[in-house]
Amino acid sequence: MTSIQKPQFRHPGLPKNALGYTRRDYEGAMSTLCAGCGHDSVTAALIQAFWELDLPPNRAAKMSGIGCSSKTTAYFMKGSHGFNSVHGRMPSVTSGAAAANRGLTYIGISGDGDSLSIGMGQLCHAIRRNVRMLYVIENNGVYGLTKGQFSASADIGSTSKKGEANVQPPIDPALLALSLGATFVARSFSGDKSQLVPILKAGLVHDGFALIDVISPCVSFNDHEGSTKSYRFTREHEVEMTEVDFVPIRHEITTKDTDSAVTAVQMHDGTVMRFRKTHEGYDPTDREQAYLHVRECTKRGEVATGLLYIERGGADMHAVARTVERPLAELTVAELCPGKGALEKLMDSYR
Amino acid sequence: MSGINDFAFKMATVNGTGSASANSLLMQAIFRMGIPVAGKNIFPSNIQGLPTWYEVRVSAHGYMARPAQVDLIVALNGTTLAKDIKTVRPGGYVMYDSSWPIPEAIKRADVTFLGVPFGDLAASAFERDRDRTLLRNIIYTGALGALLNIDHEIISEMLREKFAKKKSLLDANAKAIQMGWDYALEHFECPLPFHLEKMDETKDKVIIDGNTACGLGAVYAGATVGAWYPITPSTSLMEAFKAFCEKYRVDKETGLRKFCILQAEDELAAAGITIGAGWAGARSFTNTSGPGISLMQEFLGLAYYTEIPGVFFDVQRAGPSTGMPTRTQQADLMMLAYASHGDTKHLIVFPANPYECFTLTVEAFDLAERFQTPVFVASDLDIGMNDWMVPRFEWDENYVADRGKVLSAEELAALPKFSRYLDKDGDGIAARTLPGGDAKGAYFVRGSSHDEHAAYTEDSDAYVKVVDRIKRKIENAAKAVPAPLFVRNPGAEIGLVTLGSCDAAVREAMDRLKEQGFHVDFMRIRGFPFDTCVQQFLAEHEVNFIIEQNRDGQLRSLLAIETGIPRDAMVAVLDYSGMPLTAKSVVDAVTAHFAGVDA
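Keep in mind the model is a prediction, meaning the values are calculated, not measured.

Explain the domain arrangement of chain B here, please?
How big an interface is tends to be reported as the loss of accessible area on association of its parts. Residues and elements named next belong to chain B. What the domain assignment lists for chain B is domain 1 (6–187), domain 2 (208–391), domain 3 (409–477) and domain 4 (485–598). Using only C-alpha atoms to locate each centre, domain 2 and domain 4 end up separated by 27 Å. In this assembly, 22 residues from domain 2 lie in contact with 21 residues from domain 4. Put simply, the parts of the chain that give the side of domain 2 that touches domain 4 at least two residues each are helix H11 (333–337), strand E12 (347–349), strand E13 (374–380) and helix H13 (381–385). Looking at the side of domain 2 that touches domain 4, its residues break down into 14 nonpolar, 4 polar and 4 charged.

Dropping the structure here:
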């Protein structure tokens with residue numbers, strides 16, 4: 001797609017993480033998206049999050065469907081295997097990969113068309129199945145690659161570039177995930193890296209399905225006056241419910257936070273996520289309340305962002321299936337085959 | 001005609017009344033008497049209240065195909081009684097429930113009516129309504145026991161095995177058997193002219209259905225990820241896989257399982273899970289029927305083009321659309337061969353019976369990983385859900401799974417650069433790496449056009465190079481898929497070509513045709529793409545009859561497309577009634593063809 005090669009030169013002074021990697025080492029191919037695309041900012045935030053978390057690239061798998069957002073898995077972490085599957089079907093492919101190899105970190109990148117229209121069933125069932133993965137929806141309310149049709153997340157009254165107003169009600173992935181029992185639901189904005197990076201990090205270490213809806217404006221087809229998914233609209237209408245501060249495991253927590261508005265949540269791997277309620281009365285550990293608050297914001301024309309809901313991941317797909325710890329893909333056929341004697345014995349019962 | 005150990009009978013009952021267990025009891029008892037036996041369950045797409053039939057064929061010669069007619073019917077379904085009576089051969093017998101009078105209008109003079117008051121007998125002996133309904137079936141089993149000369153001790157032994165832990169049920173069932181037995185002895189001349197006499201022909205055999213055999217094959221092949229969406233007639237395949245996994249794959253200490261079965265939201269997701277797991281390095285599969293394969297088309301193209309292994313079981317049923325979900329057909333052949341948009345061609349194995357379901361399932365997993373592509377196991381309802389008498393399955397302890405070209409860490413390290421789709425060995429198969437390995441082996445799977453290095457390309461030459469290599473790879477697979485099975489007769493100028501569950505009927509037809517002076521050769525296709533020997537066989541014979549179970553002669557078309565032999569130069573013999581094929585329909589078609597030619 002791209003004929004422009006990224007320069008290989010690295011400044012020797014670039015900071016390195018615990019694995020000895022610089023941020024550049026988490027980059028991928030050159031993006032071919034439009035200049036100013038929100039998705040590229042999400043890619044940059046993901047790179048920052050991976051780098052800060054010391055994620056070994058080869059122990060991650062990048063999963064996607066079809067669309068502008070799904071292309072972005074090529075633009076980060078080139079040391080990871082990537083799977084650009086078919087439209088709307090990334091959740092099932094990821095479920096299968098995770099079933100085969102539970103030892104990897106699965107990063108799913110999708111869009112509003114991929115997740116809320118063609119692939120909505122798959123998204124719902126991946127949530128129900130509680131596949132342990134980060135699921136990012138790069139949400140711009142529009143079909144970019146086919147040049148500007150409304151998507152299922154477009155708000156009523158939001159206008160297309162040609163001035164046509166959308167009349168069908170939108171599907172809010174955060175509300176959807178809340179109603180389906182997702183244990184990690186967040187919303188952020190591609191233009192707010194300081195908010196997005198800690199949320200991505202928290203989602204990456206969450207021990208269950210982590211959904212992050214990222215409003216990521218389409219500069220070519222949905223960034224005009226009248227659009228409710230533009231940079232300007234999102235900046236002006238964003239209401240942050242919680243502010244997240246992610247503390248990796250290697251940082252010893254020495255001081256107790258005296259701020260009563262701060263809540264600390266210990267993740268399964270020992271890392272701690274602290275969040276501060278920035279919105280009066282908001283409690284991201286209360287599913288019903290979270291749902292109501294997000295709904296109220298939507299009614300007022302506001303975009304609720306931040307960590308919207310969190311609880312411990314609960315029984316994930318493997319816990320439910322009671323699979324062995326060792327990845328199934330690593331078991332040899334010789335270990336799995338019951339053998340000659342067992343078959344002889346079994347055959348006696350078919351007489 | 002019929003005779004000792006050579007006859008057929010059927011039970012016409014209402015589904016959901018417990019007749020299935022009585023029928024399998026009968027079949028198993030005959031099997032234990034050492035006599036070859038086959039059973040066909042003709043059942044409705046319904047849980048309770050609709051007509052169902054169970055046909056049992058006894059054949060000292062070992063003919064296992066569906067019989068063209070029956071010698072005796074147990075007609076216990078009032079709604080189908082008139083029709084059922086018509087299906088008995090002249091001179092045959094109708095056993096019916098004489099608790100109620102049978103209308104004179106539907107009686108026949110050329111058959112013998114055996115009235116047994118099943119309803120009254122059950123009502124007199126059992127208290128509860130449910131027992132009366134269920135045990136009525138056991139009473140007819142007892143009556144048949146006396147009429148057909150079934151070994152009473154074998155029946156008793158089977159009841160003891162079945163109800164080992166339920167004394168009250170054992171007593172009730174034993175009582176019902178005896179009631180039927182005694183009634184028949186008292187009122188009829190037992191045994192009938194055609195009946196059973198002990199043989200020793202089933203020692204090395206088992207009775208098993210194809211779905212169970214496929215599930216067992218998947219366990220033996222080392223499959224760990226199974227994804228599915230329930231659909232008749234393939235459901236019992238995953239149930240069997242699950243049951244065998246629970247038997248063999250659960251860690252005794254931890255209770256943890258070396259398998260992961262995911263019931264997906266639909267067949268699309270089941271295909272996606274299968275492909276995702278295959279990509280990640282597990283042996284994975286999904287089981288479905290025609291409608292499911294229709295839904296999986298897009299994913300099948302993805303797996304073909306991105307070269308990811310996976311085994312797809314298609315237990316075919318009668319189509320199109322919802323069709324007849326509980327009837328058999330072989331009507332998915334064209335769809336499987338070229339599934340998905342764009343140029344594709346897929347590997348298929350065609351088992352003919354549960355024995356081959358076991359062996360070819362294991363082969364399918366090897367083929368899928370060796371050729372890095374989806375492989376279909378094309379079974380059907382007749383094989384999948386009916387009980388077949390087949391040789392005992394055997395396992396070769398020396399079996400080594402063919403995992404295909406997956407680079408080890410050392411092999412990867414030794415490479416100057418890893419290119420996922422580069423054909424280094426000249427066999428069309430490029431080595432792959434698995435996620436989780438060294439970053440050097442990382443690549444990007446994409447269903448969009450890609451070059452040898454897995455990079456996106458819109459360059460025509462780079463695109464053509466990859467799709468041409470995949471074509472070469474699939475062509476090479478023709479030598480690796482299971483070879484056709486041939487039976488040759490010196491000088492034969494007629495070829496009978498078939499596949500799958502038609503095998504038994506066609507082979508029986510060969511014997512009948514020989515008696516009529518037709519010398520024929522036989523070829524049963526077991527794999528796709530076709531190897532050159534398929535074309536050779538067709539070219540060697542003056543006339544080829546292509547015998548299959550679909551309306552449009554799909555195998556014939558496939559042979560024409562793939563071998564270049566004109567379609568109309570081959571004679572289509574088709575049975576798409578939804579019922580298992582009979583030898584008679586094959587014999588009739590062949591003889592009719594020559595009668596027409598001679599005239």
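What is the right way to read helix H8 (residues 235–248) of chain B from this model?
Helical periodicity: at 3.6 residues per turn, an α-helix aligns residues three or four positions apart in one direction. Residue and element names in this part refer to chain B. For H8, spanning 14 residues, the distance from its first C-alpha to its last is 20 Å, which sits close to the expected 20 Å at 1.5 Å a residue. Considered for burial, the residues of H8 that qualify are Ser236, Leu237, Met238, Ala240, Phe241, Phe244 and Cys245. Packed against the buried residues of H8 are helix H7 (210–220), strand E8 (225–228), strand E9 (260–263), strand E10 (284–288), strand E11 (310–316) and H13.

Can you walk me through the confidence of the model for chain B in this structure?
Predicted coordinates in areas of low pLDDT are best not read in detail. When the pLDDT values of chain B are averaged, the result is 96; 99% of them are 70 or greater. Here the predicted complex scores 0.97 on pTM and 0.96 on ipTM.

Help me understand the sheet that holds E10(B), please; the structure alone is not making it clear to me.
Sheet strands associate in pairs through backbone hydrogen bonding, adopting either a parallel or an antiparallel arrangement. All names here are of chain B. Ordered by their spatial adjacency, 7 strands build an open sheet running E9-E8-E10-E11-E13-E12-E19, and the pairing between neighbours is mixed. Single-partner strands in this sheet number two, and they are E9 and strand E19 (527–528). Of the pairings in the sheet, the one linking E10 to E11 comprises 4 bridges and is parallel in character. Residue pairing for E11: Asn287 is matched across the bridge by Phe313. Sitting on the sheet, helix H10 (residues 290–306) is in contact with E10, E11 and E13, with an inclination near 160 degrees to E11.

Honestly, the interface of chain A and chain B in this entry has me stumped. Any pointers?
Each side of the interface is counted separately: chain A has 48 residues, and chain B has 56 residues. Going through the elements one at a time, strand E2 (81–84), helix H3 (90–100), helix H5 (120–129), helix H11 (333–336) and helix H12 (340–348) of chain A are the ones with two or more residues in the side of chain A that touches chain B. Here the side of chain A that touches chain B takes 8 residues from H3(A), the largest share from any one element. Residues that form the side of chain A that touches chain B fall into these classes: 24 nonpolar, 18 polar and 6 charged. Summarising the sheet, E2(A) and strand E15 (residues 444–446) of chain B pair through 3 bridges and their orientation is parallel. In the strand pairing of E15(B), Gly82(A) is matched with Phe444(B).

Where do I start with the sheet that holds strand E16 (residues 485–487) of chain B in this structure?
Residue and element names in this part refer to chain B. Judged by pairing direction, the sheet is mixed, and its 5 strands sit side by side in the order E16-E18-E17-E20-E21 without closing on themselves. Bordering the open sheet on either side are E16 and strand E21 (570–574), each of which pairs with just one other strand. For this sheet, the mean inter-axis angle between neighbouring strands, taken without regard to orientation, is 20 degrees. Bridge count for strand E20 (residues 543–548) against E21 is 5 bridges, and the pairing is parallel. Pairing of Phe545 across the sheet is with Val571, part of E21. Contacts between helix H16 (residues 503–515) and the sheet are confined to strand E17 (494–499), strand E18 (520–525) and E20, with E18 contributing the most and set at about 175 degrees to the helix.

How each quantity is defined
Residues numbered from 1 in each chain as written. Chains lettered and ligands numbered in written order. Predicted model: local features only at pLDDT ≥ 70, side-chain atom pairs only at ≥ 80, totals over all residues. Domains from an automatic or database assignment. Contact = placed C-beta atoms within 7 Å. Helix = DSSP H or I, 4+ residues; strand = E, 2+ residues; numbered from the N terminus. Nonpolar A, V, L, I, M, F, W, Y, C, P; charged D, E, K, R; others polar. Expected span 1.5 Å × (residues − 1). Buried ≥ 20, exposed ≤ 12 C-beta atoms within 10 Å, placed from the backbone. pLDDT = per-residue confidence, 0-100. Pairing = 2+ DSSP bridges. Axes fitted to C-alpha atoms, helices over the stretch in contact; angles between N-to-C directions.

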